[in-house]
Amino acid sequence: MRKYLHIDLNSQAVRVEDFSGEQAAYAGRYFIAKTLTDMGVAKVDPLGPENPLIFSAGPFAGSSWSNANRTSVGCKSPLTGGIKEANSGGSFGLALGQLHLSGFTLHGASEQWVVIHLHKDGSYTFDNAEEFMGQGNFDCAKALHEKYGPKVSLAICGPVGERLGLLAGIAMSDTDRRPARLAARGGVGAVMGAKKVKAVVVDLNKMPTFHDRKKVMRGVKKYAALLKEDAAITTLKDYGTAMMADYTNHVGGLPVNNFSSGQQIGSDEGPLKMGGDFIREQNMERGGQPSHACMPGCLIECSNVYADADGNEIVSPVEYETLGLMGTNCGLTDPDDLAYLNYLANDLGIDTIETGAMMAVLLDAGLAEFGDVAFLKSVMDEIRAGTEQGLLWAQGTARVGDHYKVHRTPVIKKQAISAYDPRVIEVTGISMMMTAQGADHTTGNAPKYECSGKGVDELVDISMEMQILCATADSLGLCVFGRSVTNEHVEFMVQSINDALGTELAPSFFRELGRETLKYEAQFNKEAGFTEIDDELPAFFYEEALYPSEQVARFHADEVNASVDRWWQQHDG
Ligand code: SF4
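Rules behind the numbers
- Residues numbered from 1 in each chain as written.
- Predicted model: local features only at pLDDT ≥ 70, side-chain atom pairs only at ≥ 80, totals over all residues.
- Helix = DSSP H or I, 4+ residues; strand = E, 2+ residues; numbered from the N terminus.
- Buried ≥ 20, exposed ≤ 12 C-beta atoms within 10 Å, placed from the backbone.
- Contact = placed C-beta atoms within 7 Å.
- Expected span 1.5 Å × (residues − 1).
- Pairing = 2+ DSSP bridges.
- Near = placed C-beta within 6 Å.
- Nonpolar A, V, L, I, M, F, W, Y, C, P; charged D, E, K, R; others polar.
- Axes fitted to C-alpha atoms, helices over the stretch in contact; angles between N-to-C directions.

Visitor: Would you explain the overall build of the protein chain in this entry?
Guide: Check the secondary structure of the protein chain and you find 23 helices and 17 strands. The C-alpha extent of the protein chain, read off along each of the three principal axes, is 60 × 55 × 50 Å. In the protein chain, which comprises 573 residues, the share counted as buried stands at 57%. Taking the contacts inside the protein chain whose residues are at least 6 apart along the sequence as the reference set, 71% of them involve residues at least 24 apart.

Visitor: What is the right way to read helix 2 (residues 28-39) from this model?
Guide: Note: α-helices contain 3.6 residues per turn, so residues at a spacing of three or four share the same orientation. In a regular helix each residue adds 1.5 Å, so twelve residues correspond to 16 Å; helix 2 covers 16 Å between its end C-alpha atoms and thus fits that length. Against strand 3 (53-57), strand 4 (71-76), strand 5 (83-88), helix 18 (456-475) and helix 21 (509-528) lie the buried residues of helix 2. Positioned one or two residues after helix 2, G40 has a phi angle of 65 degrees, which is positive.

Visitor: Would you mind showing me how to read the pairing of strand 1 (residues 2-8) here?
Guide: Strand residues, when the strand is regular, have side chains that alternate between the two faces of the sheet. Bridging between strand 1 and strand 2 (residues 13-19) involves seven bridges; their strand directions are antiparallel. Each residue of the ladder has a partner; that of Y4, found in strand 2, is E17. Remark: four residues form the turn of the hairpin made by strand 1 and strand 2, two consecutive strands paired antiparallel; Q12 in that turn has positive phi of roughly 60 degrees. Sheet analysis places strand 1 next to strand 6 (residues 101-107), joined by six bridges and oriented parallel. Across the sheet, the residue bridging to K3 is L101, located in strand 6.

Visitor: Explain the site of the ligand to me, please; I cannot follow it from the model alone.
Guide: N67, G89, A293, C294, M295, C298, I300, E301, C302, S303, C479 and F481 make up every residue found near the ligand. For the shell around the ligand, the class distribution of residues is eight nonpolar, three polar and one charged.

Visitor: Is there a simple way to think about the sheet that holds strand 10 (residues 170-172) in this case?
Guide: Two orientations exist for strands paired in a sheet by backbone hydrogen bonds: parallel and antiparallel. Taking strand neighbours across the sheet as the criterion, the six strands line up as 8-7-12-9-10-11 in an open arrangement whose pairing is mixed. Of all strands in the sheet, those with a lone pairing partner are strand 8 (124-128) and strand 11 (181-183), marking the two edges. Between one strand axis and the next, the sheet turns through 20 degrees on average, direction left out of account. Two strands pair when backbone bridges link them, and strand 7 (residues 114-118) and strand 12 (residues 197-203) are joined in this way by five bridges, in the parallel orientation. Note on strand 12: the bridge partner recorded for I116 is V200. The strands touched by helix 4 (residues 137-148) within the sheet are strand 7, strand 9 (152-157), strand 10 and strand 12, with strand 9 carrying the most contacts at an inclination of about 140 degrees.

Visitor: Looking at this structure, I do not really get the environment of A471. What am I missing?
Guide: Relative to the assigned elements, A471 resides in helix 18. Setting aside residues up to four positions removed in sequence, A471 forms contacts with R29, G514, T517 and L518.

Fair warning: the whole summary comes from geometry, so function is off the table for now.
Below is the structure:
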């Protein structure tokens, strides 16, 4: 049995709901989509008190099951106006599970800024947050640990979230207590700011009880063995997600200079310094960590700790999408520059994808040259200081593009496109068009699928398969990077959930969970007023041929939607 907390911020009352086995299984992104749709919040002001902010952990939360302790955060997005689920690694989901919590919802809005502390004895306190206001996330985390001790995990609303900036995510503690794992996308940090919750502090405890603990522990060991013998996992551990830059640069799908090119350097022109190969070698020479677990127990360790020339940490982690959007897309060629900007973004608690895309739009608008590191740092300074410009820039790529009248503004549903140019990496492009989440590669990424010569139906088939499996992973607190194992062992995964929760779910539950999630999300967005045209790529993707492939986007929203309708007709039932 797990518990779920309904936290009323106006009255500071907490209602505790018991979650039976099945309720704890239908978690994360599914739970968020169903709850928000059932509550009818599609039309509310996303920064108003009627927009609930949900934190949900999966069925294995609190255990040492590798990569199964992610925390999903959900609400109506103030960035897109549609549904939002953003999930984060780190120790927050573990801490919730250790307190036998499936999650909690923040309802209403507090009058004064508060820190909510969930204690291991089941009690809770609302503390005045005044002393933490305005701090960067690293100082804030340090101060929170000084007050609450080392054995807690944190979810922090950073300084940009305090000012309702739509770049803001919610920062969660990593395994070394860095507040560097973000539920990043969609402006969820602004929703936390609108509720005047500066931080949620959760006591770390011990592994919770499970229905059949012995069987769960056997599952933990078997899953670990499967990861160990999987080649894709080994590569991810060695090179991290940064290795994706080597691939996308090679095929011409890397965003460079505000999506005006797909390649930063030709294969015969030397190593891509912004890629996984170069970064791994340099980082190891300097004494950094090429492999690092963002959450306790993760054996994939795709994360890293990036060191400077003197061996001192600059940031953890450097991820591919940040290298792409905040790096090559802004004209950077030296990963040291990117790493420092990444650190600044982490300290501000902002989404590096949205921020990178926004900064490239500023460069395209002529405010500075691509690659102007000093200007990019000054953008961060303005956002931190909350100047008039900083407040505008903190509203994200779509609004900044509108303001400066930049034709090349790479957004879908007002959320920045991730580091996969949809002219070349077409399945991921279709996923980013169709998902209710706004452009988000994590909803259905298939960057290595060979697309050339294939029609819309073939690509939609692949996209839908990925979208379902990603929605399932996001609903079970599983990191998608374990998918080469997880998706190949569905019966084992579902049996392990049954062992953990005492449920009798059939293997079909696994895909059903993802399918139902997509349906609820589509329903929510329809009720929020979205139509087919909102799925269209920006016009420049159809007009401008991308170097070096010279490809333009092939598919418009109407034909992709028709193909998706066909897919549902063939697969529903
Ligand atoms: S695979 Fe990477 S992102 Fe996923 S939980 Fe492990 S370290 Fe974190």
